[in-house]
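Now for the letters of each chain:
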Amino acid sequence: MKRRIFIGHTLTVLAALVALLLVNSFVARRVGERYRDQLAASMDTRSAQAQVILDNWQPASDTWPQLDEALHELEYGLYVTLAGHQIYTSLDPFQMDQARRAAAELDWPEEMAISIQTDGIPMVGLKSGPYTILALPKPEGFEFWGQHRPQSEATMQALIASGIAGIAVIVLLSLIFTNRQAKQLLRPINALTEAARRIERGDYSQPVDYQGQDEFTEVCAAFDHMQRHLLAEREKNADYERARTDLVAGISHDLRTPLTSVKGYLKGLQDGVANTPERRAQYLDIAYRKACSMETLLQRLFYFSKMETGKIPLSLSRVDLGEFVRQFVQESQEELSAKGAVLSLRGAPAPHPVRLDAEQMHRVLTNLTDNALRYAGAEPLELTLTVWRERDAERLRFADNGRGVPEEQLPHLFEQFWRGDQARGSRNGEGSGLGLYIVKHIIEAHGGTVSARNDHGLTFEIALPAEEE
Amino acid sequence: MSRILIAEDDAEIAMLERDYLEIEGFETHTVEDGNAAVSAALSGEYDLILLDLMLPGCDGYEVCRRIRDKVDVPILMVTARTESVDKIRGLGLGADDYIA
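Bear in mind the structure is a predicted one, so any value in this text is a computation, not a measurement.

Criteria and cut-off values
Residues numbered from 1 in each chain as written. Chains lettered and ligands numbered in written order. Predicted model: local features only at pLDDT ≥ 70, side-chain atom pairs only at ≥ 80, totals over all residues. Heavy atoms only, no water. Helix = DSSP H or I, 4+ residues; strand = E, 2+ residues; numbered from the N terminus. Buried < 20%, exposed > 50% of the residue type's maximum accessible area, 1.4 Å probe, protein only. Contact = heavy atoms within 4.5 Å. Areas by Shrake-Rupley, 256 points an atom, 1.4 Å probe, with all protein chains shown as cover. Buried area = accessible area lost by both parts, 1.4 Å probe. Salt bridge = Lys/Arg side-chain N within 4 Å of Asp/Glu carboxyl O. Polar contact = N/O pair within 3.5 Å; in protein donor to acceptor, adjacent residues only side chain to side chain. Nonpolar A, V, L, I, M, F, W, Y, C, P; charged D, E, K, R; others polar. Phe/Tyr/Trp six-rings, centres within 6.5 Å; stacked < 30°, edge-to-face > 60°. Pairing = 2+ DSSP bridges. pLDDT = per-residue confidence, 0-100. Expected span 1.5 Å × (residues − 1). Bend = angle between axes of the 7 residues up to and from the residue.

Draft legend 1. Broad picture of the overall build of chain B. Helices and strands together make up the secondary structure of chain B, namely four helices and five strands. Secondary structure elements of chain B, listed N to C terminal, follow the sequence β-α-β-α-β-α-β-α-β. Expressed as a percentage of the 100 residues in chain B, the buried residues total 49%. Sequence separation of at least 24 residues holds for 57% of the intrachain contacts in chain B that already meet a minimum separation of 6. When the accessible surface of chain B is totalled, it reaches about 4,800 Å², and 50% of it is carbon and sulfur.

As structure tokens, then:
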């Protein structure tokens, strides 16, 4: 584009100059021709008059000034030689050579003046006795401003006329070139405007319609890139929205299922369906457990919304990670074995000092355990927790012996609302799609990292910054 | 004595349904997944089927589709879902009524 503008401008200037030159030379030639015609005409009459003056002149050594004066009126200068030597002249110095040569070399007739031209300079002359008398017209130009004023005015007019014509041509040319250049400049801009309008209408499918190779190519490429990015972003938003809608539908279903049980068993008690004391106790127990599971779900939702709207303050204290995990295993053992799961701890003896919020970290372990119970699909479910030190991080591995997660789904595991396909379809749980998102959130709030991989089941690895002594 | 097939994978809901029906003097049999529900229904031993919509294996709609042409037994769809589209779909597939 830069080159094109440069070339365009140079061409404009060149074309304008050439046009100016052509116009000027045309005008100059016309003026010159006219002037020469006029001059030639006046020259003819003047040289005839000079001839008459010279013919009638009686040469005498003291009368040259009078002759000169007579010639002067015709604007002629006088040159006289006596036997080859110059005795009188009123010529301009640069005419002298010419006159000297003409006097010496040409064969002037006796007593009868003739008019000739040598080297384009007209002169009148004759021989009279020992004298050679020549008359040359005074040169033009030296008295340009004085005597030939009409001619200089004509020249000025010609200059003005040619100047105006030149300006007109330059303006015209510049209009044409500018127009072309503007069109070229506007082409990519129009294409971009069109593309922006298209995006406004919600059509992200077409790239910018511009094939040129210049600075705009890059702009258009950047635009296309932005468009692809917007499209991806929009799809991501749509996915997020879908996930949110799914979440709402999921939550209402997940709450309704235990609620149906609670209502059903209470109604059963009311209707006397439970007709033995054992049965009544069982009904009450089921209703109570279902109500508890609803509470858990609501707590998690509440925690999530708190997490979404603002930060959850951590109350950090110095804790030994190994000891913390050992306690969790001990507490959960009984409840888990009732659900057919075995929890075991490996390699904890060395001190593993970290700073953590015990309540939040407990939630992490609970969520991981719940996740395994729901989705691992192993019978019996074996959960192995390992704590060890690696460089300046305390690490906790949480491994199950389940079916794992398809590799392509691993990166999505920690996204909010995300549930794997088999998890979505499965009936065996009130999964909210929030558990692992909350895990990641809490770990990152502790300045740690969490990752997941398949290793004979699903394995989570948590790293927390080690607390130095 | 009328025999009723309960197709329900949530053990607690199934137990409640069973208790209610048995106290009324019905004989019940419970299955927990869709395929078992289809084969039990096709045995022709039942006078009524209580069919949950969300069953592992194959869902309630699929069970309905697979047994409707073969045995003439009333099907009562039972579900926690309340959207009317589910109701219409279930009835369109030949369920006889729908309990939410």
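Next comes the rest of the write-up.
Draft legend 2. Molecular detail of the overall build of chain A. Looking only at helices and strands, chain A features 11 helices and 12 strands. Buried positions account for 38% of the 469 residues belonging to chain A. Long-range contacts, defined as pairs at least 24 residues apart, comprise 63% of the intrachain contacts of chain A with a sequence gap of at least 6. With an accessible surface of roughly 27,400 Å², chain A has 57% of that area assigned to carbon and sulfur atoms.

Draft legend 3. The arrangement of the interface of chain B and chain A in detail. With 15 residues of chain B in contact, the opposing surface of chain A contributes 20 residues. Contact between chain B and chain A buries roughly 1,500 Å² in total, counting both sides, with carbon and sulfur atoms accounting for 56%. The tally of links between chain B and chain A comes to three salt bridges. Between Glu12(B) and Arg289(A) there is a salt bridge, with its nearest N and O atoms 3.5 Å apart. At the boundary of chain B with chain A, the tally comes to six residue pairs in polar contact (both at pLDDT 80 or more). At eight residues, helix 1 (residues 11-23) of chain B tops the list of elements feeding residues into the side of chain B that touches chain A. Of the residues contributing to the side of chain B that touches chain A, the split by class is seven nonpolar, one polar and seven charged.

Draft legend 4. Inspection of the packing of aromatic side chains at higher detail. All names here are of chain A. Applying the stated criterion across every chain yields a total of three aromatic pairs over all chains. With a centroid separation of 4.7 Å and 85° between ring planes, the pair formed by Tyr 265 and Tyr 283 is classed as edge-to-face. One end of the pair, Tyr 265, is in helix 6 (residues 215-271); the other, Tyr 283, is in helix 7 (residues 277-309), and 18 residues separate them in sequence. Neither residue differs from the other here; Tyr 265 and Tyr 283 are each classed as buried. Ring geometry for Phe 414 against Phe 460: centres 6.0 Å apart, planes inclined by 75°, an arrangement best described as edge-to-face. Of this pair, Phe 414 sits in the loop between strand 10 (393-400) and helix 10 (421-425) while Phe 460 sits in strand 12 (residues 458-465); the two residues are 46 residues apart in sequence, bridging distant segments of the chain. Residue class for Phe 414 comes out buried when judged on its relative accessible area of 10%. The buried category is assigned to Phe 460, whose relative accessible area is 3%.

Draft legend 5. Inspection of the pairing of strand 11 (residues 449-454) of chain A at higher detail. Residues and elements named next belong to chain A. Here strand 11 pairs with strand 12 via six bridges, running antiparallel. The residue bridging Val 450 from the neighbouring strand is Ile 462, located in strand 12. Hairpin connection of strand 11 to strand 12: three residues between the antiparallel strands, including His 456 at a positive phi of 55°.

Draft legend 6. Layout of the confidence of the model for chain A. Residue and element names in this part refer to chain A. When the pLDDT values of chain A are averaged, the result is 81; 90% of them are 70 or greater. Ranking the elements of chain A by mean pLDDT puts helix 4 (residues 144-147) last, at 42, and strand 12 first, at 91. Confidence drops under pLDDT 50 across residues 141-149; counting only partners more than four residues distant or on other chains, this segment forms 10 contacts. Within the model, the stretch residues 421-430 combines pLDDT values under 50 with 22 contacts to residues more than four positions away or in other chains.

Draft legend 7. How the structure looks around the confidence of the model for chain B. Chain-level pLDDT for chain B is 81 on average; 79% of the residues reach the 70-or-more range. Interface scoring of the predicted complex returns ipTM 0.79; its pTM is 0.46.

Draft legend 8. Representation of helix 8 (residues 321-338) of chain A in the model. Residue and element names in this part refer to chain A. For helix 8, built from 18 residues, the straight-helix expectation of 26 Å at 1.5 Å per residue is met to within 8% by its first-to-last C-alpha distance of 26 Å. The largest bend in helix 8 is about 45°, located at Ser 332. Listed as buried for helix 8 are Leu 321, Gly 322, Phe 324, Val 325, Phe 328, Val 329, Ser 332 and Leu 336. Taking the backbone nitrogen of Gly 322 as reference, a side-chain oxygen 3.0 Å away marks Asp 320 as the first, capping residue of helix 8. Gly 340 sits one or two residues past helix 8 and shows a positive phi near 80°.

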